[in-house]
Each structure stands twice: as structure tokens, then as C-alpha cells.
Amino acid sequence: MQIETLDLVVFLVFTIGTVLFGSSFAGKNKNASDYTRGGGNLPGIVVGMSIFATYVSSISFLALPGNAFSGNWNSYVFSLSIPIASIFAARFFVPFYRSISSISAYSFLEERFGYWARAYAAACYLLTQISRIGSVLFLLALPLHSMLGWSVPSIIVVTSLCVIIYSVLGGIKAVIWTDAIQGTILIFGALACVIVLFVSFPGGVEQFFEVGAEYNKFSLGSFGPELNVSTFWVTLVYGIFINLQNYGIDQNYVQRYKSAKDDKSARFSALFGGLLYVPVSLLFFIIGTALFVYYQVQPGLLPEGISGDKVFPYFIVQELPTGVTGLLVAAIFAAGMSTISTSINSGATVILTDFFQRGKKEGDEKKNMKILYITSFVLGLLGMCVGLAMISVKSALDAWWSLAGIFSGGMLGLFLLGYISKNVKGTYALVGTVCGVALISWMTFSGQTMFHSYLTIVFGTLTIFCVGLLLSLLFSKISKKNAAK
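Residues numbered from 1 in each chain as written. Predicted model: local features only at pLDDT ≥ 70, side-chain atom pairs only at ≥ 80, totals over all residues. Heavy atoms only, no water.

### A few points about unusual backbone geometry
Positive phi outside glycine occurs at Asn216, with the angle close to 55 degrees. Mapped onto the fold, Asn216 is located in the loop between helix H9 (206-214) and helix H10 (232-249). (Helix = DSSP H or I, 4+ residues; strand = E, 2+ residues; numbered from the N terminus.)

### A short note on the side chain of Thr54
Along the chain, Thr54 turns up in helix H3 (residues 44-55). Side-chain polar atoms of Thr54 contact the backbone oxygen of Ser50, separated by 2.9 Å. At 3.4 Å, the side chain of Thr54 and the side chain of Asp179 are in polar contact. Not counting residues within four places of it along the chain, the set of residues in contact with Thr54 comprises Arg132, Asp179, Asn252, Arg256, Ser338, Thr339 and Thr342. (Polar contact = N/O pair within 3.5 Å; in protein donor to acceptor, adjacent residues only side chain to side chain. Contact = heavy atoms within 4.5 Å.)

### What about helix H7 (residues 115-148)?
For H7, which comprises 34 residues, the first-to-last C-alpha distance of 48 Å matches the rise-based estimate of 50 Å (1.5 Å per residue) to within 8%. At Leu142, H7 shows its maximal kink, close to 25 degrees; a proline, Pro143, follows between one and four residues later. Across the 34 residues of H7, 26 count as buried, placing the element largely inside the fold. In the stretch just after H7, Gly149 is the one whose phi turns positive, near 85 degrees. (Expected span 1.5 Å × (residues − 1). Bend = angle between axes of the 7 residues up to and from the residue. Buried < 20%, exposed > 50% of the residue type's maximum accessible area, 1.4 Å probe, protein only.)

### Section: a nonpolar patch on the surface
On the surface, a nonpolar cluster with roughly 410 Å² of combined accessible area is contributed by Tyr373, Ile374, Phe377, Val378 and Leu382. Within the secondary structure, Ile374 sits in helix H15 (residues 365-420). What makes Ile374 partly exposed here is its relative accessible area of 45%. (Patch = residues over 30% accessible without salt bridge, like charges linked within 9 Å, V, L, I, M, F, W, Y side chains within 5 Å. Areas by Shrake-Rupley, 256 points an atom, 1.4 Å probe, with all protein chains shown as cover. Salt bridge = Lys/Arg side-chain N within 4 Å of Asp/Glu carboxyl O.)

### What to know about the nonpolar core
Residues Tyr97, Tyr106 and Tyr247 are the most contacted members of the largest nonpolar core, which totals 151 residues. For this core, the element with the highest residue contribution is helix H8 (residues 152-200), accounting for 21 residues. Non-local contacts of Tyr97, meaning those with residues more than four positions away in its chain, are made with Ala105, Gly248, Ile249, Val254, Tyr257, Lys258 and Phe415. (Core = buried A, V, L, I, M, F, W, Y, C linked by side-chain atoms within 4.5 Å.)

### Quick word on the packing of aromatic side chains
In total, this model carries 41 aromatic pairs according to the counting rule given. Look at Tyr106 and Tyr125: their rings are 5.9 Å apart centre to centre, the planes differ by 50 degrees, and that puts the pair in the tilted class. Remark: Tyr125 occurs in helix H7 and Tyr106 occurs in the loop between helix H5 (76-99) and helix H6 (107-113); sequence separation between them is 19 residues. As far as burial versus exposure is concerned, Tyr106 and Tyr125 are alike and both buried. (Phe/Tyr/Trp six-rings, centres within 6.5 Å; stacked < 30°, edge-to-face > 60°.)

### Digging into helix H1 (residues 5-23)
Relative to the 27 Å expected for 19 residues at 1.5 Å per residue, H1 spans 27 Å between its end C-alpha atoms, a close match to the ideal helical length. Those residues of H1 that sit buried are Asp7, Phe11, Phe14, Thr15, Thr18, Val19, Gly22 and Ser23. All buried residues of H1 fall inside an arc of 160 degrees around its axis, so they share one side. The exposed set on the far side of H1, more than 90 degrees from its buried face, consists of Thr5, Val13, Ile16 and Leu20. Its buried side turned inward, H1 meets H7, H8 and helix H14 (324-356). (Arc of directions from axis to C-beta.)

### Concerning the confidence of the model for the protein chain
Should the pLDDT be low somewhere, the predicted coordinates at that spot are not to be read in detail. In the predicted model, the protein chain carries a mean pLDDT of 88, and the fraction of residues at 70 or more is 94%. Mean pLDDT across the elements of the protein chain bottoms out in H15 (81) and peaks in H9 (95). (pLDDT = per-residue confidence, 0-100.)

### A short note on the pattern of salt bridges
A full pass over the atoms with the stated rule returns four salt bridges. For the salt bridge of Asp263 with Arg98, the shortest nitrogen-to-oxygen distance reads 2.5 Å. Residue Asp263 is found in helix H12 (residues 263-296), and its partner Arg98 is found in helix H5; the two are separated by 165 residues along the sequence. Taking the relative accessible area as the measure of exposure, Arg98 reaches 23% and is therefore partly exposed. Arg118 is the salt-bridge partner of Asp354, the closest N and O atoms lying 2.5 Å from each other. Taken as a pair, Asp354 in helix H14 and Arg118 in helix H7 lie far apart in primary sequence, 236 residues in all.

As C-alpha cells, then:
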């Protein structure tokens, strides 16, 4: 596969323009508050678009069409769960976080259970973000390698440096505004691809529905009671828990709630970002199914060895009109950049607030800004190193990603325990967390087949919450009996 000169120009103009635009915010951050929450005066629709763009990583942009091409629309049920979480967030999480002074999503845990809870959540968050940056960089580099012809290490390094430059210089304002632009490019790129596919069917648009239905491509999965396969219900419950974790305890989202200009704008951003993902992700599933139909009715067009996640990149380069290919490559790049920049800024914010500033006054703003600049740069470099390492030791990093999932799986249960119950002590929460992490570890590494892996976070979260709550109720009754004597 080889990209045309015009497409390369479109891609480079977008990438260079993004870096220059993001870097233009340099010098506009007067203090740490500006750098981490944008002064708290950003428009709700821009913040909402940023939430959407952060959600759609380059992994989603390529994996969802690949998933629909190889299977059906069962994974789309995950998207259908997002409105539930976003409505819940707008009603409860957004007002809660905007009512507390700290920009950190984890300061609340210290107030409820002690510093161990805050440090645990913050450390887990940093681990997952570094893993996330590396994974996105690596998986972004693979299709771009086939499309652009550049080496995988070169793509990882160039992408990292581009994002690091504007993320470090511009802070959260640069991240949110560039996210909004990147999210717009994403949507137009997906729409352009759908239109091109639909006008390319030899038998017209009807062929999409006829062949898709013939091969059961539109199925959302079984509605049966099984727990060891990805039925509609298993995927839905999994999506609800994952998205409650995103909206409720993820620093990426909390910073955006705090950056909106008022409560109404913040609530709107949570709803808009979540609800926008539903139709846009539907476009990706339509693309995947349309690709299946396109090559099914024209079997000679798809070479041997091109399948799954490789089909969409192949179609982009070989079948799309010149210029549109450049737009799609830019859209894939945009998806990766928006995710990485968010992780860099939010990770630096966590390091400052949960470790350097914890238990102290805000201190010297010059010192705070220096910490933010340095940690943003270091996080970007660490993520780049993880991405490069995945080229040769991917299995080791898969294990690291699994470990990060184990620890992050305990965060939602801990948050809900503190948020819903006001009487649970830190000791009971700690016991619940240990039990939950142990269960998650068993489900991840034991090779058990009783439950689908989607249910790992569900059972882990419920274990933490229930154990902590039951211990509180039990010892509360014992205390009352002893007091009565």
C-alpha cells in the first residue's frame, strides 16, 4: 500500500497545524489552575467534544470496523450503555466534583478512607495511563506503517513528540481545544467513508442490508442467560460498569467537569460527549459491515492475508478517492493524539495534586508549573518507551496491561463505597479492596471459564462495595450490642 502525495500533504497539514495550534496556548497558563482546569471558563460544547474525542482512541477507530467485519454488532451494545453512565454522571458526579475544591478525582478518597485510598487510586491511574499511551502509540503505528510506509518506531517517536510539544506547552486548554478539532475531523472522516462505501456497492445501498442480514451481521448478540459468553446482557452490564468508572473516578473526565465555565455547561459536556459517541460508534460498525459486504460481493478485490483490523486501513489507501484517504489517515492520527494528550495532562495533574501538593498549601506557583511541565514531558516519554517496547516484548506488556486492569478494577468499587455509604470506615474499605482485587486477579489469571472476562470488573466492583458495606453493618451492630450491655 502506498499513499498519494496529496493525501500525504493533507495528513501533514493537519498534524503540523494541530501542533502549532496547541502550542499557541503556551504562555497563557498563569498558574497551575490554568494549566489543569483551563481557568474554569471553557464552553460546554467544546468540553463535551473533548470528552468524545478522548473516548474514541485510534484503537476504537480501527478495531470497531474490524470487529464488525469479522463478527457482528455485539460490541455496539457497549456504546448503548454510555448514555446510562453519562446521564448518571450529569445528575450526580458532575455536581459532586464541582462542589469540592481539589482538581484531583482522588482527594475525596482520602477524606473518606485515609491517604492509602488516595495513593492507591492515583498510582493505579498513573499505571493505566502510561500503559494506555504506549498501547495507543503501538496500535496506531501498525496501520500507519502500512499506509505511509514509515517504520513503526519512527511513527511512535514522531507521534509522541508532536503530542508532547503541545501538551506540555499548552496545558489543558490546548488539550481540550485540539481534542474538539480532532473530534470533528474524526466524525467527518467516518461520514466520508460511509458515503464512499454506500455509493460503491454494485447492487446499490440495498445490498448492504440484504447481504448483512444474510450473514447475521446486525446481531447484537444472544439475549440468553449465559454468563460465559458476550451476550447482549453481559456486554451491557460490562459497559455500564466501565463507563461509570470513566465518568465517576477517571481524572480525564473530572478535569473536564472542572474546566467548564459553569455547572450547566459541565453537565451538558458530560451528556454531549457520551451521547455523541453512540451515533459515531454506529458509523464505525456500519463501516465494518459495509466493508464485509463490499468485499463479499467482489471477492477478487481483497488480497490474501488481509482480514480483521487490516481491512479498513487497506480500503482507506486502495479504494478511497485521493484527498479523502488523507482525511481518514488524519482522522486515525487525530484519534490517537487526543487520547495521548489527555493522558499526559491528567497524569501530570495527579502527580502534582496527589503526591507533591498532598497535605500542603498550594505553594509557589512557579514550582507547581515546573512540576507540571516536567512530569508532562516525562509521562510522554515513558509512554513512548512503552510503545517502542511493545514492538519486541508485546507479551510482557500485555501482562503489565492485565495488572493495570486488576488494580484499576478496584477503583470504582472504592469510589462507590465512599460516595454511597457515609459510615464505612477506612479499615473496612481496605478489606473490601483486598477482596475485590483478589477476585479480579483470580478471574484474570486462573483461566476460569465460568464467567466471561467482561464480568471481571463487575464482580470485582460489587465485591469491594458489598464487603466494605457488610463489614460496616456487622461491626456497627456489634458495637451497639456492646454499648447496650
